[in-house]
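Each chain, written out:
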Amino acid sequence: HLITAVSAGIESDESELIPIIEQTERNTNRSIHEISADTGYYSELNIVKLKKRNITPLVSMKPLSKSGNTKTLDKKRKTRNPISYNHREWMKERSQQTRYESRRIVESVFSSIKIIGSVQQWLLRGRKKVNTEATIAAIAHNLRTINRLK
């Protein structure tokens, strides 16, 4: 089921990650212990904030370009951006990759809303109206899911 539905209306989602987590915790009255998100939600600040909240951050990062000596580049990256370097190395571990792959279940929910619910784009304008429309789409999806379970 969809628990939180928001539409940011901005190019980068990274500033929306923590508010989405907080909204989900309010909606469910439960603490979140692990988050799986795509590259749009990645920032070093988000990783730090998630770790402070004891939330495991399965947040993908953009691929690195492979130019030059990778050992030299890795050493420079580790020195310049230790948070990003450590997160990238941690995400390379097989156990993290397997857990991150479970995101596909969530992605299928959004494709279901787009295809079955015929929501290709929002009809309304303005953040509040679009969030209301997203909530209605989420409710419709949840009702279809409940109906299938009967």
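For the structure given in this document, a descriptive report is provided here. (Residues numbered from 1 in each chain as written. Predicted model: local features only at pLDDT ≥ 70, side-chain atom pairs only at ≥ 80, totals over all residues. Heavy atoms only, no water.)

## Describing unusual backbone geometry
- With a phi angle near 55 degrees, Asn29 is a residue other than glycine that sits in the positive phi range.
- Mapped onto the elements, Asn29 comes out in the loop between α1 (17-28) and β1 (34-37).
- A positive phi is found at Asn54, a non-glycine position, where the angle reads about 60 degrees.
- When you line up the elements, Asn54 lands in the loop between α2 (44-52) and β2 (56-59). (Helix = DSSP H or I, 4+ residues; strand = E, 2+ residues; numbered from the N terminus.)

## What to know about the layout of surface pockets
- In this structure, the second largest pocket spans a volume of roughly 210 Å³.
- As for the second largest pocket, its lining consists of Val59, Ser60, Met61, Arg88, Met91, Lys92, Gln96, Gln97, Tyr100 and Glu101.
- If you list the elements that add at least two residues to the lining of the second largest pocket, you get α4 (82-92) and α5 (94-101).
- With 4 residues, the top contributor of residues to the lining of the second largest pocket is α5.
- Among the residues forming the lining of the second largest pocket, the class breakdown is 4 nonpolar, 3 polar and 3 charged. (1 Å grid on protein atoms, 1.4 Å probe; cavity = no way out; pocket = protein on both sides within 12 Å on 5 of 7 lines; lining within 4 Å. Points joined across faces, edges and corners; volume = space filled by probe spheres on them. Nonpolar A, V, L, I, M, F, W, Y, C, P; charged D, E, K, R; others polar.)

## Re the pairing of β1
- Where burial is concerned, the two faces of β1 differ: the one with Ile35 and Ala37 is buried and the one with Glu34 and Ser36 is not.
- Looking at chain direction, β1 and β2 are connected through 4 bridges and run parallel. Bridge assignment links Ile35 to a residue of β2, and that residue is Pro57. (Buried < 20%, exposed > 50% of the residue type's maximum accessible area, 1.4 Å probe, protein only. Pairing = 2+ DSSP bridges.)

## Brief notes about the pattern of salt bridges
- Inspection of every chain in the model, using the stated rule, returns 3 salt bridges.
- The salt bridge involving Glu22 is made with Arg53; its shortest N-O contact spans 3.2 Å. With Glu22 in helix α1 and Arg53 in the loop between α2 and β2, the pair connects residues that are 31 residues apart, well separated along the chain.
- The partner of Arg53 in a salt bridge is Glu25, with the nearest N and O atoms 2.9 Å apart. (Salt bridge = Lys/Arg side-chain N within 4 Å of Asp/Glu carboxyl O.)

## Quick look at the packing of α1 against α2
- Direction vectors running N to C along α1 and α2 enclose 30 degrees, while the axes themselves pass 10 Å from each other. By the angle between their axes, α1 is roughly parallel relative to α2. Mapping the contact onto sequence places Leu17, Ile18 and Ile21 in α1 and Asn46, Lys49 and Leu50 in α2. (Axes fitted to C-alpha atoms, helices over the stretch in contact; angles between N-to-C directions. Parallel < 35°, antiparallel > 145°, perpendicular 65-115°, else oblique. Contact = heavy atoms within 4.5 Å.)

Such coordinate-based values are descriptive only and should not be taken to indicate function.
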